[in-house]
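A closer look at the structure
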Amino acid sequence: MTPSGRTPAREAPTTGRGADSPGTTTATPGTTTATPGTTANSGTGVRAVARLRAEADGRGGTALPVLAGDGPLALRRTRATGGQARVTVVGAMSAPLGGDRIALEATAGVGTRLRVGSAAATIALPGRTAEPAHYDIRLTVADGAVLHWLPEPLISAHGSDLRMTTRVDLAATARLVLREEQILGRTGESPGRLTSRLTVHRAGRHLLDQELRHGPGAPGWDGGAVLGGHRAVGQLLVADPVYDTRPVEPRPLAETAVLTPLAGPAVLVTALAPDALRLRRILDEATAALGLMFTS
């Protein structure tokens with residue numbers, strides 16, 4: 001995204017994809033990689049699964065024995081700090097487009113500390129097929145592990161149709177910070193169809209299960225009871241066993257943001273804003289209010 005918070009529309013290449021090869025796999029030296037077997041077809045879209053796994057290195061740090069990008073998802077190891085491993089997801093081609101089925105699986109092993117971000121916003125675009133695009137994220141956080149999942153926003157461009165699912169499985173002593181931001185339409189355009197579902201389990205029990213639908217075909221999505229004309233919606237989910245003994249009271253954080261404790265050791269901040277910059281500012285303020293120490 002540009003510093004103004006606006007994402008300019010760009011004409012897609014004649015192939016409908018970026019210049020990088022759809023079968024590219026990236027890895028850091030000394031890292032085990034899988035053979036992704038990406039397929040790309042103008043009629044059916046791309047099929048790709050990227051995977052990463054963090055494990056304790058035995059020296060108080062976190063190693064990344066599996067770091068395998070696939071198709072539009074390239075994974076880059078970035079500089080670790082304080083025993084925390086860091087991975088950045090880089091877009092290797094335009095995605096998700098209509099008909100694509102892409103997935104990202106991340107596992108934080110016992111006692112690890114892992115932070116995953118992205119290099120830029122993800123833009124859902126229309127493809128050459130009328131089929132919707134699917135983007136599935138699967139996160140597993142083992143006992144004593146900490147996962148910060150902090151991607152850049154998802155932008156629903158006009159004419160796109162994306163079904164996004166995020167499933168998180170937490171062990172009883174795992175900790176999670178998950179940020180999700182959705183921008184409905186690029187500057188000056190109406191949004192596409194966007195359906196997103198977030199499901200979180202802790203120790204095998206439901207902690208959160210919600211689905212959001214925005215854009216054409218979603219009844220009342222832009223009405224006063226839902227977005228009220230706002231074009232940026234986000235949430236910050238924090239799960240931590242400390243909330244078992246130090247629960248957080250529900251309270252408003254801004255005119256269009258609220259903090260809600262969940263039925264479990266977790267809190268959820270939900271926020272609306274007119275644009276991406278103001279949404280990030282609200283979520284950053286929520287981060288500070290919860291005493292979380294990381295750079296967004």
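What this report covers is the structure whose coordinates are included nearby. Here the structure is a predicted model, which is why all the values come from computation and not from measurement.

1. A few points about the overall build of the protein chain
A count of helices and strands for the protein chain gives one helix and 19 strands. Residues counted as buried form 49% of the 296 residues belonging to the protein chain. About 13,700 Å² of surface is accessible on the protein chain, with carbon and sulfur atoms providing 51% of the total.

2. Here we look at the pairing of strand β19 (residues 266–273)
Within β19, seven of the eight residues are buried, which leaves the element mostly enclosed by the surrounding structure. The pairing of strand β16 (residues 232–239) with β19 spans eight bridges and is classified as antiparallel. Residue pairing for β19: Val238 is matched across the bridge by Val267.

3. Some remarks on helix α1 (residues 276–289)
Over its 14 residues, α1 runs 20 Å from end to end, which matches the ideal 20 Å to within 8%, given 1.5 Å per residue. Taken residue by residue, α1 has Ala276, Leu279, Arg280, Ile282, Leu283, Ala286 and Thr287 as its buried positions. Buried residues in α1, looked at end-on, bunch into an arc of 160°, giving them a common side. Put simply, Asp275 is the residue that caps the front of α1, since its side-chain oxygen is 3.2 Å from the backbone nitrogen of Leu277.

4. A short note on the environment of Ala92
Tracing the sequence through the fold places Ala92 in the loop between β5 (84–91) and β6 (101–108). Along the backbone, Ala92 and Asp70 are 22 residues apart, and their C-alpha atoms lie at a distance of 8.8 Å.

5. Comments concerning the side chain of Ser156
Within the secondary structure, Ser156 sits in strand β11 (residues 154–156). Polar contacts involving the side chain of Ser156 include one to the main-chain amide nitrogen of Gly192, which spans 3.2 Å. Other than its neighbours up to four places away in sequence, Ser156 contacts Ala124, Ile183, Leu184, Gly185, Glu189, Pro191, Gly192, Arg193 and Leu194.

6. A few points about the pattern of salt bridges
Tallying each qualifying case throughout the model produces 15 salt bridges. Glu181 is paired through a salt bridge with Arg280; the nearest N and O atoms lie 2.7 Å apart. Of the two residues, Glu181 is situated in strand β13 (residues 175–184) and Arg280 in helix α1; the sequence distance between them amounts to 99 residues. Overall, the relative accessible area of 5% leaves Glu181 in the buried class.

7. Focus on the environment of Val66
The topology assignment puts Val66 in strand β3 (residues 62–68). A relative accessible area of 24% means that Val66 is categorised as partly exposed. A sequence separation of 14 residues divides Val66 from Leu52, and the C-alpha atoms of the two residues are 5.0 Å apart.

8. Observations regarding the nonpolar core
Among the nonpolar cores identified, the biggest contains 53 residues, and Leu114, Trp149, Leu170 and Leu237 are the most heavily contacted of them. Judged by nonpolar contacts, the second largest core, of 23 residues, contains Ile155, Leu236, Ala257 and Leu279.

9. Overview of the side chain of Asp70
Within the fold, Asp70 resides in the loop between β3 and β4 (73–81). Here Asp70 occupies a buried position and makes no salt bridge, while the nearest side chain of opposite charge, Arg51, is found at 6.2 Å. There is a polar contact of 2.8 Å between the side chain of Asp70 and the backbone nitrogen of Val49.

10. Section: unusual backbone geometry
Residue Pro96 follows Ala95 across a cis peptide bond; omega there is 0°. The topology assignment puts Pro96 in the loop between β5 and β6. Despite not being glycine, Ala203 shows a phi value in the positive range, around 50°. A relative accessible area of 47% places Ala203 in the partly exposed class.

11. Re the pairing of strand β7 (residues 113–118)
With five of six residues buried, β7 lies mostly within the body of the structure. Taken together, the five bridges between β5 and β7 define a ladder with parallel strand orientation. Residue Val87 lies in a different strand from β7, and its bridge partner there is Val116. In this structure, β7 lies alongside strand β10 (residues 146–150), joined through five bridges in parallel fashion. Within β10, the position partnered with Gly117 by the bridge is Leu150.

12. Re the environment of Gly234
Tracing the chain through its elements places Gly234 in strand β16. Judged by relative accessible area, which is 5%, Gly234 ranks as buried. Considered as a pair, Gly234 and Ile183 are 51 residues apart in the sequence and their alpha carbons are 8.6 Å apart. In contact with Gly234, other than residues within four places in its own chain, are Glu180, Glu181, Val269, Thr270, Ala271, Leu279 and Leu283.

Quick notes on the rules
Residues numbered from 1 in each chain as written. Predicted model: local features only at pLDDT ≥ 70, side-chain atom pairs only at ≥ 80, totals over all residues. Heavy atoms only, no water. Helix = DSSP H or I, 4+ residues; strand = E, 2+ residues; numbered from the N terminus. Buried < 20%, exposed > 50% of the residue type's maximum accessible area, 1.4 Å probe, protein only. Areas by Shrake-Rupley, 256 points an atom, 1.4 Å probe, with all protein chains shown as cover. Pairing = 2+ DSSP bridges. Expected span 1.5 Å × (residues − 1). Arc of directions from axis to C-beta. Polar contact = N/O pair within 3.5 Å; in protein donor to acceptor, adjacent residues only side chain to side chain. Contact = heavy atoms within 4.5 Å. Salt bridge = Lys/Arg side-chain N within 4 Å of Asp/Glu carboxyl O. Core = buried A, V, L, I, M, F, W, Y, C linked by side-chain atoms within 4.5 Å. Lys, Arg positive; Asp, Glu negative; His and termini not counted.

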